[in-house]
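Residues per chain are reported as follows:
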Amino acid sequence: MSTRLTRIVLLGTLLIGGALSLGQVLADARSHSQQLDHSGHQALNTLHRAATEAVYEIDTDLAGQVLEGLTAYPGVYRAEIRMFPDTVLARREGELLRSPWRRISDSLFGAERDYRGTLENPRGGAALGELHVGVDTFVLGRDFLARTGLVLGAGLIWAALLGLVLLAVVSRVLTGPLERLADELADTDTLTPETASVSVPAGHEHDELGRLAKAMNTLLAGIRENLVRRAEAEARASYLQQFDDLTGLPNRQLLLTRLGHAVATASSRGAPLALLLLDLCGLRAINDTYGRAVGDDILREFARRLDAIEGVFVARVVEDKFALLLHEGGSRAAVEELFQQVQQALLRPLELAAGQFQLAVRGGSAIYPDDADSAEGLLHNAESALAQAKGDGLGGAAFFDAARDDETATRRRLSQDLRRGSLGDELDLVFDPLVQARSGRVQGMEALLRWQHPQFGLLRPASFIRLAEENGTIPVLGDWVLRQACARAALWRANGQPGLAVSVNVSGAQLRERNLHERVAAVLEVHNLPGAALELEITETAIVDNVKYAAESLRRLRALGVGIAIDDFGTGHASLGYLKELPVTKLKIDMSFVRDVLTDLSDATIVRAIVGLGHSLGLQVAAEGVETAGQRRFLEDIGCDLLQGQLFGCGLRESEALGYARQRQVQHS
């Protein structure tokens, strides 16, 4: 940069100096040209009188003397006195001076200049003659060229000196500090750019150079900050590849890595190892009821308690599933002992701002090498064992059973198919008539879901409802049943069955949804149905899981006019006092009590008690599972209001159910 700046400054000053000198030369040339003309005219004027007298007297000697007098004027190399018309009285002519510089002078002023003066008759009359003078311009032009050379030389020298001075000033004030800044940057260690900085040149703290240095330091600071953030992001990404962000435990990826190393080590030593998968029960319900923040707090505390167990590697596999890897002594007894330690760690309830929570788990275990010979296989089989524990409703730990793995695969396939968009094309409804015990008329129909699976054939709800609750598709199924049932009820009313209500089962997961009443109201409005045309059946277990929230949800539904029935009543484990808090309209006695009501005194007593309890609370009472005429008569005798079961038809197609309802109506009209 300094070399280029030197060239620019010197060339600039030389051009400026040359231009100024050239301007001065041009002005001098103009002045010199005027001086040449003045000298020529002065010669004419000085000798004009003598030349006029010589022509008047026709005196050649005098004319010669006049021309001799012209030699006193520099540059006059040719002169002539001529008398009109064409008589030359005297003439003198020399040669133009020769010089290599003459070409320059001639280009500016011409080689010669002619000056003529008319000689008038002193006594009046016509002019007598003419005086002609020729001037060699180079005679005086030599002085001009000398001055021009001096002016140009002095101008260029002055310009060069001025350029050097300017260059020295620029170098000291600008290029020198800039070079020092560049040197400081060049000396920066590329391996540790976070330490780089430049110093502000002394005396330049408040000018452009100082601002440049400060801007460079700001840029370097930004680079340092960016490098720090990038390093943090890379460290964070590396951490998240191996650890769970919520609990801080190793994640599935790191679990598989450690499991692979453990399998390799166990293989070389010939020692077994065990993998125990844990499923935190009820987390989905807690998230739906209290919000995900509470669920996250529970997961963190659960992870902390697991991590406090010594001698095991703990990891969070996904959502509410955790893994415990037992490196040494991986036997069933060791796994059972480990599961007991887990349960012991969960005995103390978890105290949160949202309330007190008692944690519970299910477990599934697989052992190397008995159940699998690879890390992936061991994890897969432990997941199968956990699925078996869920399917069996176990609250403990299940061990992998190869014979039941096909069943697990079936459950997995069904769980996947429940998420298919075309599922609705495979679903259908069948109906159970609900008959009035006294009159025999059909009061309503319970809508029951069926799934015509392309591989497994016709499936009842018991085969897939629990799976739907586990994988979160139960709201989709529930909404489909609700829409279809209400659409059928609207058609019944339009076709002459206005008093025929429809009952729909509602799961605990649906009951926990805060907008259930809004969705029910929307469906009723779409089909122009009154609330009384719909009854929702909720199991006793679904209610007792959270009585307070269930009561609020049911009150909103009851405000729509919808009937509320407690299904499978008598099978729950809570106090009957919750009935006072719920807007229930009907109790449905579980079929397990009705089945042996004629042969088992205890069942008969329980059924009588339920009927009496319901009537004392102003509720209708229905009995499920009525199969014989004897059961029917017993239930009628004790005052049961409604009957449902095989005796009246179960799982009927819509046309069959409507035909049965019309038949009963005709028989008892």
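Given the structure is predicted, the values throughout are model-derived calculations rather than measurements.

### Notes on the sheet that holds strand S5 (residues 273-280)
Read from one edge to the other, the open sheet built from five strands follows the order S6-S7-S5-S10-S11, with strand pairing classed as mixed. Since the sheet does not close on itself, it has two edges, and those belong to strand S6 (313-318) and strand S11 (397-399), each with one partner. Ignoring strand direction, the axes of neighbouring strands in this sheet form an average angle of 25°. Pairing between S6 and strand S7 (residues 321-326): five bridges, direction antiparallel. The residue bridging Ala315 from the neighbouring strand is Ala323, located in S7.

### Some words on a nonpolar patch on the surface
Together, Ile157, Trp158, Leu161, Leu162, Leu164 and Leu166 give the surface a local cluster of nonpolar side chains, amounting to about 620 Å² of exposed area. Mapped onto the elements, Leu166 comes out in helix H4 (residues 137-186). Leu166 gets classed as partly exposed once you look at its relative accessible area, which sits at 39%.

### Details of the sheet that holds strand S4 (residues 129-136)
Each strand in a sheet pairs with its neighbour through backbone hydrogen bonds, running either in the same direction (parallel) or in the opposite one (antiparallel). Spatially, the four strands line up as an open sheet ordered S2-S1-S4-S3, and their pairing is antiparallel. Across the chains shown, the open sheet's two edge strands, defined by having one partner strand only, are strand S2 (87-93) and strand S3 (112-119). Taken pair by pair, the neighbouring strands of this sheet meet at an average axis angle of 10°, ignoring direction. Against the sheet, helix H2 (residues 60-70) contacts strand S1 (76-83), S2 and S4, and its axis sits at roughly 30° relative to S2.

### With respect to the packing of aromatic side chains
What the rule picks out here adds up to four aromatic pairs. Arranged with centres 5.2 Å apart and planes meeting at 85°, the rings of Tyr290 and Phe357 form a pair that is edge-to-face. Of this pair, Tyr290 sits in helix H7 (residues 283-290) while Phe357 sits in strand S9 (residues 355-357); the two residues are 67 residues apart in sequence, bridging distant segments of the chain. We classify Tyr290 as partly exposed; its relative accessible area is 39%. Residue class for Phe357 comes out buried when judged on its relative accessible area of 8%. Here Phe431 and Trp492 contribute two aromatic rings whose centre-to-centre distance is 5.5 Å and whose plane-to-plane angle is 70°, an arrangement assigned as edge-to-face. With Phe431 in strand S12 (residues 427-436) and Trp492 in helix H13 (residues 474-494), this pair connects stretches of sequence that are 61 residues apart. Taking the relative accessible area as the measure of exposure, Phe431 reaches 0% and is therefore buried.

### Observations concerning the packing of H13 against helix H15 (residues 516-526)
Taken N-terminus to C-terminus, the directions of H13 and H15 make an angle of 30°; their axes are 9 Å apart at the nearest point. On the basis of the axis angle, H13 is roughly parallel to H15. Classified by chirality, the crossing of H15 by H13 is right-handed. Taking contact as the criterion, the partners of Asp479, Leu482, Arg483 and Cys486 in H13 are, on H15, Arg519, Val520, Val523 and Leu524. In terms of residue class, the contact of H13 with H15 is made up of five nonpolar, no polar and three charged.

### Quick word on the environment of Gly612
Summarising the element assignment, Gly612 is placed in helix H19 (residues 601-616). The exposure class assigned to Gly612 is partly exposed, which follows from its relative accessible area of 39%. For the pair Gly612 and Cys640, spaced 28 residues apart in sequence, the C-alpha separation works out to 9.0 Å.

### Considering helix H17 (residues 547-558)
For H17, which comprises 12 residues, the first-to-last C-alpha distance of 16 Å matches the rise-based estimate of 16 Å (1.5 Å per residue) to within 8%. The set of residues buried in H17 consists of Val547, Tyr549, Ala550, Ala551, Ser553, Leu554 and Leu557.

### Regarding the pattern of salt bridges
Two side chains that carry opposite charge are able to pair once their charged atoms sit near each other. Evaluation of the coordinates by the stated rule reveals 25 salt bridges. Ionic pairing is found between Glu130 and Arg82, a salt bridge with its closest N-O pair at 3.0 Å. Taken together, the positions of Glu130 in strand S4 and Arg82 in strand S1 put the pair 48 residues apart, joining distant regions of the chain. With a relative accessible area of 14%, Glu130 lands in the buried category. For Arg82, a relative accessible area of 22% gives the class partly exposed. Between Arg305 and Glu301 there is a salt bridge whose closest N-O contact spans 2.7 Å. Residue Arg305 and its partner Glu301 are both found in helix H8 (residues 292-307); the two are separated by four residues, about one turn of the helix.

### Observations concerning the nonpolar core
Membership of the largest hydrophobic core comes to 79 residues, with the highest contact counts inside it found for Val520, Leu534, Leu536, Ile538, Ile543 and Leu635. If one sorts the elements of this core by residue count, H13 sits on top with nine residues. Leave out the neighbours within four places in its chain, and Val520 touches Leu482, Leu534, Leu536, Leu557, Leu560 and Val562. Residues Val25, Ala29, Leu89 and Leu145 belong to the second largest nonpolar core, which totals 32 residues.

### Describing the packing of H7 against H8
Contact geometry for H7 and H8: axes closest at 7 Å, N-to-C directions at 140°. Taken as axis vectors, H7 and H8 run oblique relative to one another. Judged by residue contacts, Leu283, Ile286, Asn287 and Tyr290 of H7 engage Arg292, Val294, Gly295, Ile298 and Leu299 from H8. Considering only residue class, the contact of H7 with H8 consists of six nonpolar, two polar and one charged.

### A word on the environment of Ile58
One can find Ile58 in the loop between helix H1 (2-57) and H2. Taking the relative accessible area as the measure of exposure, Ile58 reaches 52% and is therefore exposed. Distance from Ile58 to Met83, taken between C-alpha atoms, is 8.3 Å for residues 25 residues apart in sequence. Look past the residues within four positions of Ile58 in its chain and what remains in contact with it is Met83 and Leu89.

### Here we look at helix H9 (residues 332-345)
Between its first and last C-alpha, H9 extends 20 Å over 14 residues, near the 20 Å set by a 1.5 Å rise per residue. Inspection of H9 places Ala334, Val335, Leu338, Phe339 and Val342 among the buried residues, and these make up the whole buried set. Buried residues of H9 fall within an arc of 135° about the axis and therefore sit on the same side. In H9, the exposed positions that point more than 90 degrees away from the buried face belong to Ala333, Gln340 and Gln344. Among the structural elements, S5, H8, S7, strand S10 (361-368) and S11 are those in contact with the buried residues of H9.

### Section: unusual backbone geometry
The step from Phe84 to Pro85 runs through a cis peptide bond, and the omega angle for that step is 10°. With respect to the element layout, Pro85 can be found in the loop between S1 and S2. That bond from Tyr368 to Pro369 is cis: its omega, 5°, falls within 30 degrees of zero. The residue Asn528 is not glycine, and still its phi comes out positive at about 55°. By relative accessible area, Asn528 is classed as exposed at 68%.

### Concerning the pairing of strand S17 (residues 563-569)
Of all seven residues in S17, six are buried, a share of seventy percent or more. Relative to S17, strand S16 (residues 534-539) runs parallel, the two being bridged by five bridges. Bridge pairing links Glu537 to Ala565 in S17. Here S17 pairs with strand S18 (residues 586-589) via three bridges, running parallel. The residue bridging Phe569 from the neighbouring strand is Ile589, located in S18.

Parameters at a glance
- Residues numbered from 1 in each chain as written.
- Predicted model: local features only at pLDDT ≥ 70, side-chain atom pairs only at ≥ 80, totals over all residues.
- Heavy atoms only, no water.
- Pairing = 2+ DSSP bridges.
- Helix = DSSP H or I, 4+ residues; strand = E, 2+ residues; numbered from the N terminus.
- Axes fitted to C-alpha atoms, helices over the stretch in contact; angles between N-to-C directions.
- Patch = residues over 30% accessible without salt bridge, like charges linked within 9 Å, V, L, I, M, F, W, Y side chains within 5 Å.
- Areas by Shrake-Rupley, 256 points an atom, 1.4 Å probe, with all protein chains shown as cover.
- Salt bridge = Lys/Arg side-chain N within 4 Å of Asp/Glu carboxyl O.
- Buried < 20%, exposed > 50% of the residue type's maximum accessible area, 1.4 Å probe, protein only.
- Contact = heavy atoms within 4.5 Å.
- Phe/Tyr/Trp six-rings, centres within 6.5 Å; stacked < 30°, edge-to-face > 60°.
- Parallel < 35°, antiparallel > 145°, perpendicular 65-115°, else oblique.
- Left-handed = near helix turned anticlockwise from the far one by under 90°.
- Nonpolar A, V, L, I, M, F, W, Y, C, P; charged D, E, K, R; others polar.
- Expected span 1.5 Å × (residues − 1).
- Core = buried A, V, L, I, M, F, W, Y, C linked by side-chain atoms within 4.5 Å.
- Arc of directions from axis to C-beta.

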